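# Understanding the architecture of this molecule
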Amino acid sequence: MNFENSLAFAKQQDAQDTLAEYRERFHHPVIDGKQVLYFTGNSLGLAPKSAKDYVNAELDDWAKWGVEGHFHATNPWVSYHEILTPAMAELVGANESEVVCMNSLTTNLHLLFVSFYRPTTEKFKIISEAKMFPSDRYLLETQVKHHGFDPDEAIIEVAPRDGEHLIREEDILAAINEHQEQLALVFFGGVNYFTGQLFDMEKLTQAAHNVGAIAGFDLAHAAGNIPVKLHDWNVDFAAWCTYKYINASAGNVGAIFVHDRHGDNTDIPRFGGWWGHNKERRFLMENSFDPMTGAEGWQLSNVPIMGMAVLKASLDIFQQVGIENLRQKSLKLTAFLAFVFNDIVELFPDIQLEIITPSDASMRGCQLSVKLVGTDKRFFSALTEAGVIADFREPDVVRLAPTPLYNSFEDVYQFGQTLKTLLAGWQK
Ligand SMILES: *Cc1c(COP(=O)(O)O)cnc(C)c1O
């Protein structure tokens, strides 16, 4: 596609964009009286305007019914999580039996590790990416220690080669091969939060299975960003949050995937709670835990309805749009950002700003990570002051996520203009 860094071109792209109307379904922040350019859907998605009505409906039902709302609310609370499952399963390419919305991301990963990381003295190693999101790294460290192993020995991190920013797939496969005798688990982010690198989850799963290991993924930066096919790829388990690309509000309920292969086996060890118990008998208050089949058998607690209502508002939008359509727009929008960015940065050779996210669109979602060379965090602060909401990750990376659901081509063009003004001032 031939891009042009002009307002006319950006407007023309927006006019042709069949998803353009969705922009208006979200609240766009106005900070200090100024409409900002919001490129942080990878950290906290914008608020769907419809969310208020969904929450109000539940508040009204609570007022009207009290505890009876569990059974008599318009969407009975006792089964509220079930009405979210079809949309969530579709979003990640799963059977409905394989997905459930519950708890939060790190909590869910710990619960899944209870079931799927059961190390023995022979097989106890975990292969993961270097520079994981800290919470995931703490998860690995504490799980390994919990089982009495040494994190330094048990956690094998695959890092970019010297002088490179991205992890080579061949190096991951080589590590799996090298450690195969002792390998229990391959655990990766679907999309790395720092670099925006998308991993080939199907290939990594296959490689893990070939050596008798389990494959699990953290989809925090993948869910709602790229189409995934967890069932077909034969992934063993996955978990993700819903407040990034899924726009379901800060800290809201996450979701898990457990492949039917495992979900059908109620003998798999797990931590139990009443919400995972045979739902026909849940209210008989029996003593002995009888887990449901499928992902629902990993639930512990009844769900927070207000959060779930926001999540439903957002998932309803995803169902209308379709993740494949979103990806088509995303490919174009992110490529346009890369084009505009490079077009402007070229004008200022003294300041090197380098996109470290893969230039190959099949190896990234919508995030572009920019490494600041020859400048520092003050540059990021200046960007914020100029009305661009991006984020900064230590030590030197600015992350920009043009989110196809609510960002426009014109947003990207305007970002370029802001960048240009900023860089022109910076040189002086
Ligand atoms: C955002 C994010 C988290 C956050 O975890 P919570 O338990 O939701 O606070 C964890 N891991 C990754 C990879 C993330 O991107």
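Residues numbered from 1 in each chain as written. Predicted model: local features only at pLDDT ≥ 70, side-chain atom pairs only at ≥ 80, totals over all residues. Heavy atoms only, no water.

## Digging into the domain arrangement of the chain
Split into domains, the chain comes out as domain 1 (7–35 + 322–427) and domain 2 (53–320). With centres defined by C-alpha atoms, the gap from domain 1 to domain 2 works out at 30 Å. In this complex, domain 1 contributes 29 residues to the contact, which on the side of domain 2 involves 23 residues. Carbon and sulfur atoms make up 60% of the area that domain 1 and domain 2 hide from each other, which totals about 2200 Å². It is I323, I356 and Q367 that lose the most area in domain 1 upon contact with domain 2, and together they represent 23% of the buried surface on that side. Summed over the shared surface of domain 1 and domain 2, the result is one salt bridge. With its nearest N and O atoms 3.6 Å apart, the salt bridge here joins K229 to E324. At the boundary of domain 1 with domain 2, the tally comes to eight residue pairs in polar contact (both at pLDDT 80 or more). (Domains from an automatic or database assignment. Contact = heavy atoms within 4.5 Å. Buried area = accessible area lost by both parts, 1.4 Å probe. Salt bridge = Lys/Arg side-chain N within 4 Å of Asp/Glu carboxyl O. Polar contact = N/O pair within 3.5 Å; in protein donor to acceptor, adjacent residues only side chain to side chain.)

## A closer look at the site of the ligand
Residues in close proximity to the ligand include L105, T106, F133, D136, D218, A220, H221, Y243 and K244, which together make up its full environment. Side-chain polar atom of H221 to an oxygen atom of the ligand: 3.0 Å apart, as the coordinates give it. In this structure, an oxygen atom belonging to the ligand sits 2.4 Å away from a side-chain N or O atom of K244. In isolation the ligand has 390 Å² of accessible area, and contact with the protein removes 82% of it. When its residues are assigned to classes, the shell around the ligand shows four nonpolar, two polar and three charged. (Near = heavy atom within 4 Å. Areas by Shrake-Rupley, 256 points an atom, 1.4 Å probe, with all protein chains shown as cover. Nonpolar A, V, L, I, M, F, W, Y, C, P; charged D, E, K, R; others polar.)

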